[in-house]
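Below are the chains, spelled out letter by letter.
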Amino acid sequence: MSAPVASPAAAPARADAKPLLSVRDLRKHFAVRGGILSRVVDKVHAVDGVSFDIAAGETLGVVGESGCGKSTTGRCILRLIEPSSGEIWFQGADVMKMDHNALQAMRRDMQIIFQDPYASLNPRLTIGAIIGEALIIHKLVKSRQEMEDRVVQLLETVGLRPDHMRRFPHEFSGGQRQRIGIARALAVEPKLLICDEPVSALDVSIQAQVINLLEDLQEQFGLTYLFIAHDLSVVEHISTRIAVMYLGRVVEIAPAAELYDTPIHPYSEALLSAVPIPDPTIKRKRIMLEGDVPNPIRPPSGCHFHTRCPIARPDCSQRAPLLEEKRPGHWAACHYRE
Amino acid sequence: MTEPLLDIRGLKTWFKTDDGMVRAVDGVDLHIDRGETLGVVGESGCGKTVTARSVLKLIDMPPGRFEDGQILWQGRDLIPLSMEEMDKIRAKEIAIIFQEPMTSLNPVYTVGDQIAEVIELHQKLSRKQAIAGAAEMLRLVNIPNPQRRVHDYPHQFSGGMRQRVMIAMALSCQPKLLIADEPTTALDVTIQAQILELMQEMKERFGMAIMLITHAMGVVAETCQRVTVMYAGKVVEEAPVEALFGDPRHPYTQGLIRSIPRVDRSAEKKQRLEAIAGTVPNLLDPPPGCRFAARCKFAMDVCTQAVPPLKEVGPGHFVRCVL
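No experiment lies behind these values; they were computed from the predicted model shown.

(A) Representation of the overall build of chain A within the structure. Regarding its fold elements, chain A presents nine helices and twelve strands. Expected size for 338 residues packed as a compact globule is a radius of gyration near 20 Å; at 21 Å, chain A falls within 12% of this value. With the C-alpha coordinates aligned to their principal axes, the bounding extent of chain A is approximately 70 × 55 × 50 Å. Sorting the 338 residues of chain A into buried and exposed places 47% on the buried side. When contacts within chain A are restricted to residue pairs at least 6 apart in sequence, long-range pairs at least 24 apart make up 65% of them.

Structure (structure tokens):
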């Protein structure tokens, strides 16, 4: 399948800062196997030409609905999933060319926290061992005592008690487990933290605790976040800039406030208008999208969104729009919106 | 005041476990009037789902049991009814839809068969008429090509479409009350908007009441007339939706509303979220007094001594707090 794809000639970056991470035309195609011989019968274009930059100290939010490729993008950047093609530059180094050792060294500076705080902690290890493991792998501590001291310090940083280090994951609530996941990621003093739906599994009151913690840590350690989530209100709250994804492509990137006030792409607009507002006195006009997200095995031709787009014209199914800088720092991929 | 459609009084649904008795629902009072939408909100483990399932007696007993209370359906207590008598009420008078539409549909039958089964059970119709009725229901919930889709299996539908099928099935006997247990939680936001709109449309068409169980305050604000807030097995506040959001009185409700980031307030951006410290109490051994006291920033000595009564602070606005 050779659909024309958006690949921005210029880089959507903040002009005033050298990016910590640059992603160019990143693609990941998963093979779909079928038949009794498990032949490759098709490909899912999970990530289909994604490009963006993240400046040091900022939070880039990535939003989109199920299957838009946001989590795959996050994992490809760490090469937890091997990308099919594209470029990833982190602190000036070419991540795609790294061998096993170089990757491991790179991952000291780039860590990830996951959505499911139940599945991402080894149930047989104590919290001390889970957090300490990274310190040992990266040879950041010289003695057992030094490791324990560091673990205690990390637990306190994320709002847990020192005596928690002798306990096992099942003794903790969802919110506490997410704090453990954050402590584990922080153990190696990373520069970039990829947060993959970090609060989606948590109740709202606990969600707020974790969001506040992430904001505090960013300020304290000068962290940079790639914050992946489907909840637009959470992303809007925490992000400096936001990238909106649809069916494997970035359709819009803009500063958070600007995206929410004046979205350009019709998909971003519909997505924003669909978020329920917790205030019964506000009555908004909702842009209702028809139908479901199409199957990513056979994405629509041209602009992937044209089948649901309220302003689509005939040629939208022919030509894929490029991500263009429509306003300073505000990029969108649409033929008919300026 | 006319008699409410559903009136739950002092309901206690407890579960026996190896560790002791879990007081999942511990003295809940709530009512729903004809044609209204009541939101029941609260976080995981607050007892909202158990309350909903208690109404239809969809609780496994044992380990569950009704410890106390009444569930009055149009004046008649459902708790002493036999399973046969409940079958006449389920689907026909009170229907329920669940969070996960895939696991609530049988994967080996076509959706038409499953909807027709409900119709046949409650209306004396032939199989053919029932299948035609099923197709008509699919059309009502805006499923394209209903005549063809009625012969499809659940896996051939997307998540949003499956929830439409569930709604079609639930409404096929025109119930007076639809219990919707987190109907949109598993769905994407644009699909959630479609399903909420559909429920609103169906409510107007059939004139039924809706009990909407959810943890999402935004969904409540946009769809409900009245709201009951639950915490750790008890109702802590009940109010008309404008009063609940405009003047929340219980510290837990206030915390819930203020802990959500607001998309519509980008100007006041970067304001810190008001998190509620701590976690929910263990319902095996709930604390005496107010169950929120341990997390409440206004808590006083009196709060830990006795459970505060539900008192009226405005028209139809009740709060369980000493303040």
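(B) Spotlight on the sheet that holds strand β5 (residues 93-94) of chain A. Residues and elements named next belong to chain A. Sheet architecture is open: four strands sit in the order β2-β1-β4-β5, paired in antiparallel fashion. Of all strands in the sheet, those with a lone pairing partner are β2 (39-55) and β5, marking the two edges. Relative to strand β4 (residues 85-90), strand β1 (residues 19-34) runs antiparallel, the two being bridged by five bridges. Its bridge partner being in β4, R24 is matched across the sheet by E87.

(C) Fine view of the UniProt feature "domain: ABC transporter" (unreviewed entry) in chain A. As annotated by UniProt and renumbered to match this structure, "domain: ABC transporter" (unreviewed entry) occupies residues 21-272 of chain A. Taken end to end, residues 21-272 of chain A has its terminal C-alpha atoms 27 Å apart, with 36% of it in helix and 29% in strand.

(D) Main features of the packing of helix α3 (residues 111-122) of chain B against helix α6 (residues 159-171) of chain B. All names here are of chain B. The contact between α3 and α6 brings their axes to 8 Å, and the two run at 20°. With respect to their mutual orientation, α3 and α6 come out roughly parallel. When you trace α3 past α6, the crossing you get is right-handed. Residues V111, Q114, I115 and V118 of α3 form the contact with α6, whose participating residues are V165, A168 and M169. In the contact of α3 with α6, the residues fall into six nonpolar, one polar and no charged.

(E) Representation of unusual backbone geometry in the model. The peptide bond linking B:M61 to B:P62 adopts the cis configuration, its omega dihedral lying at -10°. Unlike most non-glycine residues, A:R79 shows phi in positive territory, near 55°. The residue A:R79 is located in the loop between α1 (70-77) and β4 in this model. What makes A:R79 partly exposed here is the crowd of 16 C-beta atoms within 10 Å. Phi is positive for A:E189, which is not a glycine, with a value near 50°. Structurally, the position occupied by A:E189 is in the loop between α5 (174-186) and β7 (192-196).

(F) View of the packing of helix α3 (residues 127-137) of chain A against α5(A). Residues and elements named next belong to chain A. Two elements in contact, α3 and α5, have axes separated by 7 Å at closest approach and are oriented at 30°. Judged by the inter-axis angle, α3 sits roughly parallel to α5. Remark: the crossing between α3 and α5 carries right-handed chirality. Residue-level inspection shows I127, I130, I131 and A134 of α3 in contact with α5, the latter providing I180, A183 and R184.

(G) A look at the interface of chain A and chain B. Taken together, the 36 residues of chain A in the interface contact 40 residues of chain B. Looking at the side of chain A that touches chain B, the element that brings in the most residues is helix α6 (residues 204-221) of chain A, giving six residues.

(H) Focus on the pairing of strand β3 (residues 59-63) of chain A. Residues and elements named next belong to chain A. Counting buried residues in β3 gives five out of five residues, a clear majority hidden from the surface. Residues of β3 alternate between two faces, with T59, G61 and V63 on one and L60 and V62 on the opposite face, all of them buried. With five bridges joining them, β3 and strand β8 (residues 224-229) adopt parallel strand pairing. Bridging from a neighbouring strand, L60 pairs with L226 of β8. Pairing analysis gives four bridges linking β3 to strand β9 (residues 241-246), with the strands arranged parallel. Pairing of G61 across the sheet is with I242, part of β9.

(I) Representation of the pairing of β7(A) within the structure. All names here are of chain A. Across the five residues that make up β7, a large majority, five, are buried. Burial along β7 is two-sided: L192, I194 and D196 and L193 and C195, pointing in opposite directions, are all buried. Of the strand pairs in this sheet, strand β6 (residues 110-113) and β7 are connected by four bridges, and their pairing is parallel. Bridging from a neighbouring strand, Q111 pairs with L193 of β7. In this structure, β7 lies alongside β8, joined through five bridges in parallel fashion. Bridging across to β8, D196 finds its partner in I228. In the classification by handedness, the crossover that spans β7, the intervening α6 and the parallel β8 is right-handed.

Rules and cut-offs
As a convention, each chain's residues are numbered from 1 in the sequence order in which they are written. Both sets of labels track the order of writing: A upward for chains, 1 upward for ligands. Where local features are concerned, this predicted model is filtered to residues with pLDDT of at least 70; where side-chain atom pairs are given and counted, the filter is 80 or more; whole-chain, interface and lining totals use all residues. We count a stretch as a helix when DSSP gives it H or I for four or more residues in a row; a strand needs E for two or more, and each element gets its number in order from the N terminus. Only C-alpha atoms enter the radius of gyration, while the globule expectation follows 2.2 Å times N to the 0.38, with N the number of residues. Exposed residues have 12 or fewer other C-beta atoms within 10 Å of their own C-beta, buried residues have 20 or more, and residues in between are partly exposed; the C-beta atoms are placed from the backbone. Any two residues are considered in contact once their C-beta atoms, placed from the backbone, lie within 7 Å. We call two strands paired when DSSP finds no fewer than two bridges between them. UniProt positions are given in the numbering used here, feature names are shortened, and annotations may be inferred rather than shown by experiment. In this description, a line fitted to the C-alpha atoms serves as the axis of each element, helices being fitted only across the stretch in contact, and the angle between N-to-C directions of two axes falls anywhere from 0 to 180 degrees. By the definition adopted for this analysis, an angle is roughly parallel if under 35 degrees, roughly antiparallel if over 145, roughly perpendicular if from 65 to 115, and oblique otherwise. In a left-handed crossing the near helix is turned counterclockwise from the far helix by less than a right angle, and in a right-handed crossing that turn is clockwise. Lys, Arg, Asp and Glu make up the charged group, whereas Ala, Val, Leu, Ile, Met, Phe, Trp, Tyr, Cys and Pro make up the nonpolar group; the residues left over, Gly among them, are polar. We call a crossover right-handed when, viewed with the strands running away from us, the connection from the first strand over the helix to the second turns clockwise.

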